[in-house]
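# Chains, contacts and geometry: an overview
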Amino acid sequence: MIVYNLACEHKHPFEGWFASPIDFENQRDRGLVECPVCGSKTVERQLHAPRINVGGVGGSRERASEQARQEIEVAKGADKTGEFVSSDDYKKLVSAVQTFAKNVRENTEYVGEKFADEARAMHYGDKPHRGIRGRADAQTASELRDEGIEFQSLPFPIDFPNAH
Ligand SMILES: [Zn+2]
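Values in this document were obtained by computation on a predicted structure and should not be read as measured data. (Residues numbered from 1 in each chain as written. Predicted model: local features only at pLDDT ≥ 70, side-chain atom pairs only at ≥ 80, totals over all residues.)

### Focus: the overall build of the protein chain
Looking only at helices and strands, the protein chain has five helices and five strands in total. Counting across all 164 residues of the protein chain, residues that qualify as buried make up 5%. Contacts spanning at least 24 positions in sequence make up 44% of the contacts within the protein chain whose residues lie at least 6 apart. (Helix = DSSP H or I, 4+ residues; strand = E, 2+ residues; numbered from the N terminus. Buried ≥ 20, exposed ≤ 12 C-beta atoms within 10 Å, placed from the backbone. Contact = placed C-beta atoms within 7 Å.)

This is how it looks when you write it as structure tokens:
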């Protein structure tokens, strides 16, 4: 027995089992091969097996790996001069960073460009001490340090743009 992948004139695919190629042609010519979907007897062999399961799975896997490979290439190109971390505990690191940012936001008041003014006011006793965060240029930051005011640079942005 041989299996043929067949299709009717409406492209309904189906399989037919025949003893030989001659047997297929004989049966078809006598109108014995019929589309199970629409009953059409105009039936042709398909050149390529549909292989819906095997072909579909393999194909999508190949596409997925190709896409992943391209994304890696793009990442390599975009981050040539970036800094990287390699860690099995990357998720823990991300979580720690997020917790850090959250704690800073919750325990400090955002004062924006007034950071130097507010820091000095607290330092010189004009205002009670409280946690603040804000912005200052390098020159101002240097002056604050010279005045003995303690503060830290944030290692990464804590506030989203336009959040205030
Ligand atoms: Zn059909």
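Now that the structure has been shown, we can carry on.
### Looking at the sheet that holds strand β1 (residues 2-8)
In spatial order, the strands read β2-β1-β3; together these three strands make up an open sheet with antiparallel pairing. Either end of the sheet is taken by a strand with one partner, and the two such strands are β2 (13-18) and β3 (43-45). Between one strand axis and the next, the sheet turns by 45° as a mean value, whatever way the strands run. Bridge count for β1 against β2 is six bridges, and the pairing is antiparallel. Residue Asn 5 lies in a different strand from β2, and its bridge partner there is Glu 15. Contacting β1, β2 and β3, helix α1 (residues 21-29) crosses the sheet at an angle of about 115° to β2. (Pairing = 2+ DSSP bridges. Axes fitted to C-alpha atoms, helices over the stretch in contact; angles between N-to-C directions.)

### Here we look at the environment of Glu 118
Looking at the secondary structure, you find Glu 118 in helix α4 (residues 115-123). The sequence separation of Glu 118 and Ile 132 amounts to 14 residues, and the corresponding C-alpha distance is 8.0 Å.

### Quick notes on helix α5 (residues 138-146)
Among the nine residues in α5, zero count as buried, and that is only a small part of the element. Directly after α5, the chain includes Gly 148, whose backbone phi takes a positive value near 85°.

### A short note on the confidence of the model for the protein chain
Mean pLDDT for the protein chain: 80, with 74% of residues reaching 70 or above. This model gives residues 50-60 a pLDDT under 50, and the stretch forms two contacts once residues within four places in sequence are excluded. (pLDDT = per-residue confidence, 0-100.)

### Notes on the environment of Lys 102
Topologically, Lys 102 is positioned in helix α3 (residues 90-107). The exposure class assigned to Lys 102 is exposed, which follows from the 11 C-beta atoms found within 10 Å.

### Notes on α3
In this model, α3 (18 residues) spans 26 Å end to end at C-alpha, consistent with the 26 Å of a helix rising 1.5 Å per residue. A small share of α3 lies buried, amounting to zero of its 18 residues. (Expected span 1.5 Å × (residues − 1).)

### Here's the deal with the pairing of strand β4 (residues 109-112)
As paired elements, β4 and strand β5 (residues 132-134) share three bridges and run parallel to each other. For Tyr 110, the partnering residue across the bridge sits in β5 and is Arg 133.

### Topic: the pairing of β1
Between the end of β1 and the start of β2, which pair antiparallel, lie four residues, with Lys 11 showing a positive phi angle near 65°. By the bridge criterion, three bridges tie β1 to β3 in an arrangement that is antiparallel. Bridge pairing in β3 links Leu 6 to Arg 45.

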